[in-house]
Amino acid sequence: MSKRRVQRVEVQNIIANLSDGVNSCSGTVSNISRFGMLMDDIPQSFKSQKNKLSIIVIAKGKNFKMQAEPKWVSSDKSGKKMGLAILAPPLDWSLYAMIYEPADEDIFAAATH
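Computed from a prediction, not measured in an experiment: that's the story for all the values here.

*Asks:* How should the overall build of the protein be read in this particular structure?
*Replies:* Looking only at helices and strands, one finds one helix and seven strands in the protein. Helices and strands in the protein line up, N terminus first, as β-β-β-β-β-β-β-α. Out of the 113 residues in the protein, the part that is buried amounts to 37%. Of the contacts formed within the protein by residues at least 6 apart in sequence, a portion of 54% connects residues at least 24 apart. A total accessible area of about 7300 Å² is found for the protein, and carbon and sulfur atoms account for 53% of it.

Dropping the structure here:
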C-alpha cells in the first residue's frame, strides 16, 4: 500500500536545480505530484546530509522555487536518484502538478451513495 496522499505521474523534459546551501547540482525530474517528486541524474559527487534542500524546478518556461525534504536516495553507475517531499507546496506548483493528475483522483469530489 502506498504512503502517498496523491499518486505520482510520469513527466518529461523537466529540469531541476538542487542545493543544500553549500553544494548544488542539476538533474531531471521523472515523476511529480503536488507533494513530491523523483529527481534523477543527480551527480554522484552531490552529497548532502541536510534534511531540507532548496529546489528550483524548470518546467514549461516557469521556475518553481520550493523547499524539499529528501526521503530516500539510491545510487548506480549513472548517478543518483532521490525521492523528495515538497515542504509547504506553493500554489503555483500545486496548480501545475494538478494538470497531470488523473481525473478520477479528485480529492474534493463529494461522495455520493
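There's more to say after this.
*Asks:* Would you mind going over the packing of aromatic side chains with me for this structure?
*Replies:* One pair of aromatic rings is described through two measures. These are the centre distance and the angle between the planes. With the rule as written, the count across this model stands at four aromatic pairs. With a centroid separation of 5.7 Å and an interplanar angle of 40°, the aromatic rings of Trp93 and Tyr96 are classed as tilted. Here the residue Trp93 and the residue Tyr96 both occupy positions in helix α1 (residues 91–98), the gap between them amounting to three residues, near one helical turn. A single burial state applies to Trp93 and to Tyr96, both of which are buried. Judged by centre distance (5.4 Å) and plane angle (70°), the ring pair of Tyr96 and Tyr100 falls under edge-to-face. Look at Tyr96 and you get buried, because its relative accessible area is 8%. Every member of this aromatic cluster is reached through a ring pair, and the members are Phe64, Trp93, Tyr96 and Tyr100.

Cut-off values and rules
- Every chain is numbered on its own, with residues counted from 1 as its sequence reads.
- Local features are withheld for residues below a pLDDT of 70 in this predicted model, meaning they are given only at 70 or higher, and side-chain atom pairs are given and counted only at 80 or more; totals for whole chains, interfaces and linings count all residues.
- As a convention, hydrogens and water are excluded, and side-chain values are obtained from all of the structure's heavy atoms.
- Helix numbers and strand numbers start at the N terminus; a helix is a DSSP run of H or I with at least 4 residues, a strand a run of E with at least 2.
- Exposure is judged per residue with a 1.4 Å probe applied to protein chains only, and the accessible area is read against the type maximum: over 50% gives exposed, under 20% gives buried, and values in between give partly exposed.
- Pairs of residues are marked as contacts when any of their non-hydrogen atoms sit within 4.5 Å.
- Computed by Shrake-Rupley with a 1.4 Å probe, the accessible areas treat only the displayed protein chains as cover when residues are assessed.
- Classification of ring pairs rests on two measures: the distance between centres of Phe, Tyr or Trp rings, Trp counted by its six-membered ring, which must be within 6.5 Å, and the angle between planes, read as stacked under 30 degrees, edge-to-face over 60 and tilted in between.

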